[in-house]
Amino acid sequence: MHATSHQPTPAARQIAETLQLLEQHVPMQRRVVHAGDRLFQAGERFTMMHVLNSGLIKTINGSTDGRERVAGLHFKGDWLGFDGIASGRHRCDAVVIDTGEVWWFRYDSLMAVCALQPDLMAMFHAAMSREMAHDRDSMLALATLPVDARVADFLRGWVDTLAERGLRNDCITLRLTRAEIGNYLGMTLESVSRALTRLASKSVIRFPEKGRRDIEIPEIGALDDFIETCTEAALAH
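Residues numbered from 1 in each chain as written. Predicted model: local features only at pLDDT ≥ 70, side-chain atom pairs only at ≥ 80, totals over all residues. Heavy atoms only, no water.

## A short note on the domain arrangement of the protein chain
1) Next: According to the domain assignment, the protein chain consists of domain 1 (10-130) and domain 2 (145-235).
2) Next: Spacing between the C-alpha centres of domain 1 and domain 2 amounts to 26 Å.
3) Next: Buried area between domain 1 and domain 2, both sides added, is near 1,200 Å², and the carbon and sulfur share of it is 62%.
4) Next: When the buried area of domain 1 at its contact with domain 2 is split by residue, Val70, Leu73 and Phe75 rank highest and sum to 40% of it. (Domains from an automatic or database assignment. Buried area = accessible area lost by both parts, 1.4 Å probe.)

## Section: the side chain of Asp170
1) Next: Inspection of the secondary structure puts Asp170 in the loop between helix 4 (147-164) and strand 7 (171-173).
2) Next: Of the residues examined, Asp170 reaches a relative accessible area of 9% and is grouped as buried.
3) Next: A distance of 2.5 Å separates the side chain of Asp170 from the side chain of Arg168, its partner in a polar contact. (Helix = DSSP H or I, 4+ residues; strand = E, 2+ residues; numbered from the N terminus. Buried < 20%, exposed > 50% of the residue type's maximum accessible area, 1.4 Å probe, protein only. Polar contact = N/O pair within 3.5 Å; in protein donor to acceptor, adjacent residues only side chain to side chain.)

## Quick look at the pattern of salt bridges
1) Next: Counted under the stated rule, the structure contains 13 salt bridges.
2) Next: Its salt-bridge partner being Arg165, residue Asp78 comes within 3.1 Å of it at the nearest N-O pair. Remark: Arg165 occurs in the loop between helix 4 and strand 7 and Asp78 occurs in the loop between strand 4 (68-74) and strand 5 (79-80); sequence separation between them is 87 residues. Residues Asp78 and Arg165 agree in their burial class; the two are buried.
3) Next: Where Asp160 meets Arg156, a salt bridge forms, and the shortest distance between an N and an O atom there is 2.8 Å. With a gap of four residues between them, Asp160 and Arg156 both fall in helix 4, about one helical turn apart.
4) Next: The network of salt bridges with common partners includes Asp78, Glu164 and Arg165. (Salt bridge = Lys/Arg side-chain N within 4 Å of Asp/Glu carboxyl O.)

The following block contains the structure:
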């Protein structure tokens, strides 16, 4: 097991501080959510911001041909609803994929409080900035990484997200199907399965039980090495 410190990580502290400020100053509701629940849908009028206190949520974009694309994954401390601020309408669906708790509150109430609480405004802007940076990094990975490296990079991102929150990250449970992972990474289901098989054959990951979504990661650095090796091999051709 990868050791985790008893001291909270900077990210975990920031999440706790944000949730505390919201709880103290913003009128809100809490909602326990379950897999399949939708927080909002594309085209719906935007009025609320959401912060994930626990669980896991995916955002989905539609396309003109009717297909859906997994656009993002959201963990504890992540904000949802930025997509609706500009136009007043949500541009994606937010779908729960693991039981958790969501805090939700009116956007106009949040802005009124932020005007009086500079710390909360700073945290709101930081969350928005992180969302933009993550979207940029995801697009860059899709554009530049070879197929197998994309899957390794996806796992590395999941591992890092857990570590930032002070959570165990030597074994992760993928709440997405292989098809959804492929959809998120711009790959076919078969390509995802083959990449995971190659990662396992090189002992970068392990599957505790056949067919399960649990993936053990004995050494995080091995993911980085795999990504680098795949990228170098692709550039050499």
